Amino acid sequence: MPSTDAPSVTSTPSSRTTATSPISSGCASPELKPVELTSVGPNVGHVKNVCFVGAGFVGGPTAAVIAYHNPQIQVTVVDLNEERISAWNSSHLPIHEDGLLKVVRIARDGTLDTIFSLPGFADCIHLKARQPNLMFSTAVVEAISISDIIFICVNTPTKTQGLGSGAMADISAIEGATRSIAKHARPGAIIVEKSTVSCGTARMIQEILEYHRPETSFEILSNPEFLAEGTAVQDLMHPDRILIGSAQTTPGLRAASTLQEVYAAWVPRDRIVTVNTFSSELSKLVANAMLAQRISSINSISAICEGVGHGADIGDVSLATGKDKRLGAKFLQAGVGFGGSCFEKDIRNLAYLAATLHLDVVVSDLNGSLRGKKISVLGFAFKDGTNDTRNSIAVHIIKDLANEMPREIAIFDPGCSPTQLDRVKICGSWRGAAQASSAVCVLTPWKQFRGCRAAVLVKSLNKEPDVSATVFKFVGKDLPEMDILELETIVRRSASESEDPLGRLKPLPSHLGDVVDWAEVAETMQEPRWVFDGRNVVDISELQTLGFRVKGIGKGF
Ligand SMILES: NC(=O)C1=CN([C@@H]2O[C@H](COP(=O)(O)OP(=O)(O)OC[C@H]3O[C@@H](n4cnc5c(N)ncnc54)[C@H](O)[C@@H]3O)[C@@H](O)[C@H]2O)C=CC1
Ligand SMILES: O=C(O)[C@H]1O[C@H](OP(=O)(O)OP(=O)(O)OC[C@H]2O[C@@H](n3ccc(=O)[nH]c3=O)[C@H](O)[C@@H]2O)[C@H](O)[C@@H](O)[C@@H]1O
């Protein structure tokens, strides 16, 4: 079983204790790092009271770890369930997680002033006593009313009746908790949605708050939890990431900074990811869906192993597949299926969200018809750097576009040679493709499609690579290609992602090196000048400035 980082307080036979001494100011985490918060407001550093609504699998352990690492903050966990709360106040916690009791005991009960010596060391080590800073209670209203940050950690099971039954998350417990918060939270309190919810729930919380407290504005943050049961303390102590979603306004960013500071007591700064509220809510569902997808995939492979008879072993297949760093070894353990309280409900929730959004292809942006219009397609190969068009997604999309009977579809790909097809013209340059078209679809992520501004940036970086003393050893020698590769790697670190950081390559034939000049494209295109960027290649704001309407993939704004 994994161990935790909770420090030992009575570690040697020679230890002795006193029961006095003020609260210890330092925290014992080995990962404690100073964090420079790019603060956007004055709130940072003023968190005194925090409360967790919901003392379940998430609320209890998360509150305990936050309290453990932030001895200066009073953390109260409240629940309507008296039995659960009294268990949290006992030595038989309601949740069994490795290392949890120790963390709870340190934060809930405090520690003794301890002095001890280690064999071979002359000096004694003094661990100052810690005052309790973790409380479990049923006094929901009292805890809410004094808190600077309120975490909502209540249950969100799948609905079993009515609209969305069997798919949609039942957020009645969130609504109940929010109503209590709306009535009793102090002005300025930050509300944190930790429960797993569907996209837009933070907005609903906001609306409930506005209804009950129209005169007060509250910031709502999304801060989903990624711990797994069985390794909860380990996961909380060493999270892969802490995700904080906020409104992208000054008060929203300030609230995110405040919460960031709480986690920064033990989580390295580069693991705290801040995004907007919707992205955060959606990321949680997506993470669970992807993990479950891996298990489903490996489970179906295990059926193949059984089918092919002697010799194929799913354990070997998992091991060999997981060695690929792009895939990784985790969540490739085949079995009879996944269980637990989360995967199924969160996948259903995500599927429900997708179904209710009616995600259709966007011919609608050209008034629902392509008749009489010219459509440009930049990219035909299945990926950049190749002329391979086998099963290229562009082929399918162009077929769909052709069914809409446009006047012409003009395709340009720097890797493919020009040919003429029925109503589809393969052009030798981006200029010919874009001329007089109503919309440009970018379907292959060639660097040339990024536009001149990006190309200029790469070139200027190439001119001044930061080649310091490390390259001295290469000077004055006839270098073999392996050394040149090494040199390129060193230089590339300071020269962005250029394929030719040393500038060794002879220029490519002009059509391959020709970078799309979007300003020129804007002049030659027709209204409404749509750019559908299917590869997130272009600089959206640059193109918008040039008068294009731009849609990227997966950008909900
Ligand atoms: N269990 C897990 O491993 C993980 C769960 N999550 C998510 O976290 C959320 C909570 O999950 P669990 O902790 O497992 O649920 P849980 O059912 O163990 O705990 C929820 C607690 O909230 C309490 N509660 C409900 N309404 C309340 C109210 N108005 N005031 C005070 N207390 C109230 C309930 O009495 C219950 O004790 C869910 O959205 C879940 O999807 C996220 C990551 C991991
Ligand atoms: O949102 C949640 O509630 C949590 O859901 C899962 O955590 P959990 O369900 O507690 O436990 P897992 O370790 O993910 O196991 C879930 C199920 O998948 C199965 N599993 C897991 C891994 C694997 O390789 N194979 C496999 O069959 C397990 O046996 C179990 O039945 C996720 O792992 C957490 O990151 C997430 O926070």
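Quick caveat, the model's predicted, so the values are computed rather than measured. (Residues numbered from 1 in each chain as written. Chains lettered and ligands numbered in written order. Predicted model: local features only at pLDDT ≥ 70, side-chain atom pairs only at ≥ 80, totals over all residues. Heavy atoms only, no water.)

### Topic: the packing of aromatic side chains
Moving on, step 1. Taken as a whole, this structure holds eight aromatic pairs when the rule is applied.
Moving on, step 2. Consider the rings of phenylalanine 331 and phenylalanine 343, whose centres lie 6.3 Å apart with planes at 65°: the pair is edge-to-face. Note that phenylalanine 331 is positioned in the loop between α10 (314-322) and α11 (343-357) and phenylalanine 343 in helix α11, a separation of twelve residues in sequence.
Moving on, step 3. Geometrically, the ring pair formed by phenylalanine 338 and phenylalanine 343 is edge-to-face, given 5.6 Å between the ring centres and 90° between the ring planes.
Moving on, step 4. Judged by relative accessible area, which is 31%, phenylalanine 338 ranks as partly exposed.
Moving on, step 5. A residue is classified by how much of its surface remains accessible, and phenylalanine 343, at 12% relative accessible area, is buried.
Moving on, step 6. Taken together, the aromatic side chains of Phe331, Phe338 and Phe343 make up a single cluster linked through ring pairs.
Moving on, step 7. Across from the ring centre of phenylalanine 226, 3.5 Å away, lies the NZ or CZ of arginine 241, which sits over that ring. (Phe/Tyr/Trp six-rings, centres within 6.5 Å; stacked < 30°, edge-to-face > 60°. Helix = DSSP H or I, 4+ residues; strand = E, 2+ residues; numbered from the N terminus. Buried < 20%, exposed > 50% of the residue type's maximum accessible area, 1.4 Å probe, protein only. Lys NZ or Arg CZ within 6 Å of the ring centre and 35° of its normal.)

### Here's the deal with a nonpolar patch on the surface
Moving on, step 1. A contiguous nonpolar surface patch, about 200 Å² in accessible area, is contributed by Leu118, Ile125 and Leu127.
Moving on, step 2. Inspection of the secondary structure assignment puts leucine 118 in the loop between β4 (113-117) and β5 (124-127).
Moving on, step 3. The class of leucine 118 is partly exposed, set by a relative accessible area of 32%. (Patch = residues over 30% accessible without salt bridge, like charges linked within 9 Å, V, L, I, M, F, W, Y side chains within 5 Å. Areas by Shrake-Rupley, 256 points an atom, 1.4 Å probe, with all protein chains shown as cover. Salt bridge = Lys/Arg side-chain N within 4 Å of Asp/Glu carboxyl O.)

### Considerations on the site of ligand 1
Moving on, step 1. The environment of ligand 1 is formed by 22 residues, the closest being Asp79, Arg84, Thr156, Glu229 and Lys345.
Moving on, step 2. Contact between ligand 1 and threonine 156: an oxygen atom at 2.5 Å from a side-chain N or O atom of the residue.
Moving on, step 3. A distance of 2.6 Å separates an oxygen atom of ligand 1 from a polar side-chain atom of lysine 345.
Moving on, step 4. About the coverage of ligand 1: the protein hides 87% of its 830 Å² of free accessible area. (Near = heavy atom within 4 Å. Polar contact = N/O pair within 3.5 Å; in protein donor to acceptor, adjacent residues only side chain to side chain.)

### So, the pairing of strand β8 (residues 190-193)
Moving on, step 1. Residue alternation in β8 divides its side chains into two sets, Ile190 and Val192 and Ile191 and Glu193, and both sets are buried.
Moving on, step 2. Between the parallel pair strand β7 (residues 149-152) and β8, the chain is carried across by helix α5 (residues 172-184), and the sense of this crossover is right-handed.
Moving on, step 3. Handedness of the crossover is the feature at issue here: the chain leaves β8, passes through helix α6 (residues 201-212), returns alongside strand β9 (residues 219-222), and the resulting connection is right-handed. (Right-handed = clockwise from strand over helix to strand, strands pointing away.)

### Remarks on the domain arrangement of the chain
Moving on, step 1. Domain boundaries in the chain define domain 1 (47-285), domain 2 (286-357), domain 3 (362-451 + 515-552) and domain 4 (453-510).
Moving on, step 2. Placing the centre of domain 1 and that of domain 2 at their C-alpha centroids yields a distance of 30 Å.
Moving on, step 3. Across the contact, 20 residues belong to domain 1 and twelve residues belong to domain 2.
Moving on, step 4. Across the domain 1 to domain 2 interface the summed buried area is about 1,300 Å²; carbon plus sulfur atoms make up 53%.
Moving on, step 5. Along the contact surface separating domain 1 from domain 2 lie zero salt bridges.
Moving on, step 6. In the side of domain 1 that touches domain 2, the residues fall into ten nonpolar, seven polar and three charged. (Domains from an automatic or database assignment. Contact = heavy atoms within 4.5 Å. Buried area = accessible area lost by both parts, 1.4 Å probe. Nonpolar A, V, L, I, M, F, W, Y, C, P; charged D, E, K, R; others polar.)

### Overview of the UniProt feature "binding site: NAD(+)" (unreviewed entry) in the chain
Moving on, step 1. Under the UniProt annotation, "binding site: NAD(+)" (unreviewed entry) lies at Asp79, Arg84, Thr156, Thr196, Glu229, Lys345 and Arg390. Maximum C-alpha separation among the annotated residues is 59.4 Å over a sequence range of 312 residues, too wide for a single clustered spot.
Moving on, step 2. Within the secondary structure, threonine 196 is located in the loop between β8 and α6.
Moving on, step 3. Not counting chain neighbours up to four residues away, the residues in contact with threonine 196 comprise Thr156, Lys284, Leu285, Lys345 and Asp346.
Moving on, step 4. Here glutamate 229 is to be found in the loop between β9 and α7 (232-237). (UniProt positions renumbered as here; feature names shortened; annotations may be inferred.)

### Side note on the UniProt feature "active site" (unreviewed entry) in the chain
Moving on, step 1. Here, the residues flagged by UniProt with the feature "active site" (unreviewed entry) are Cys342.
Moving on, step 2. Tracing the chain through its elements places cysteine 342 in the loop between α10 and α11.

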